[in-house]
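Structural overview for review
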Amino acid sequence: MNSLLTTLPVLLPVAYAWAEKQELIISDEGTPLGEAQLADARRAGVMQPEKIRVLRVEALPQPENEDVMFIAKRMGLFQPQSTGITLGYGICLRHGFWDDRLALVHECVHVAQYEKFNGLRPFLSVYLREC
C-alpha cells in the first residue's frame, strides 16, 4: 500500500487528464436530464442538475494508463458489475442500466460530491487518497 501512496502524486495528473477528457466527451455526446431526472438529481443533492449529461455506453470508458487502471481496480472501479461512472457533471451508464432510476440517482450523488469539492480535480484528489 505504501508504494501506491508514493506513486499517487505522479499518477494524479494522468488521472485528471483522463477524467477531464471523459467529462468533455460525455458533455458533447450525452443527453441532458429530463424533468423527473432533474428532480431526482436535486433530491440527491445536486445544486446544478441542468449541467449533467448522461452518455449511454456498451462498456464504461477505462484509463489507457496501466498504472492508473491498476489503482482504479484496487479501489473497486471498473468491475464487471459496475453500472456507471461519474466524472464531474458527466455520467456514463452501461447498457442494461440506461433506464434504471436507482443507478442514475446513485451517480447523481457522485455529482453532488464533485460539487461539494468544487470540481473534478479537488474531488479526485481526496477520493483517490482516501480509497
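Residues numbered from 1 in each chain as written. Predicted model: local features only at pLDDT ≥ 70, side-chain atom pairs only at ≥ 80, totals over all residues. Heavy atoms only, no water.

1. Notes on unusual backbone geometry
We apply this condition: Strands here are runs of E lasting at least two residues and helices are runs of H or I lasting at least four, both read from the DSSP assignment and numbered beginning at the N terminus.
Not every positive phi belongs to a glycine, and Asn118 is a case in point at roughly 65 degrees. Looking at the secondary structure, you find Asn118 in the loop between α4 (101-116) and α5 (120-130).

2. Focus on the pairing of strand β4 (residues 90-94)
Using the following cut-off: Per-residue accessibility, obtained with a 1.4 Å probe over protein chains only, is compared with the maximum for each type, and a residue is labelled buried under 20%, exposed over 50%, and partly exposed between these values. DSSP bridges decide pairing: two strands pair if at least two such bridges lie between them.
Within β4, four of the five residues are buried, leaving the element largely enclosed by the surrounding structure. Relative to β4, strand β2 (residues 53-57) is paired through five bridges, and the arrangement is parallel. Across the sheet, Val54 pairs through a bridge with Ile91, a residue of β4. Where strand β3 (residues 84-87) lies against β4, four bridges are found, and the strand directions are antiparallel. Looking across to β4, one finds that Thr86 is bridged to Ile91.

3. A word on the nonpolar core
The criterion, for reference: Each nonpolar core is a collection of buried residues, namely Ala, Val, Leu, Ile, Met, Phe, Trp, Tyr and Cys, held together in the definition by side-chain atoms within 4.5 Å. In this description, contact between two residues means that some pair of their heavy atoms is separated by no more than 4.5 Å.
Judged by nonpolar contacts, the single largest core of 24 residues is most densely connected at Ile85, Leu87, Cys92 and Leu124. When contributions to this core are tallied by element, the ones reaching two or more residues are α1 (2-29), β2, α3 (66-74), β3 and α5. Counting residues per element, this core draws most heavily on α1, which supplies seven residues. Those residues in contact with Ile85 that lie beyond four places of it in its chain are Trp18, Leu60, Pro61, Phe78, Gly90, Ile91, Cys92 and Glu107. In terms of nonpolar packing, the next biggest core, distinct from the first, is built from 15 residues, Leu38, Val54, Val111 and Ala112 among them.

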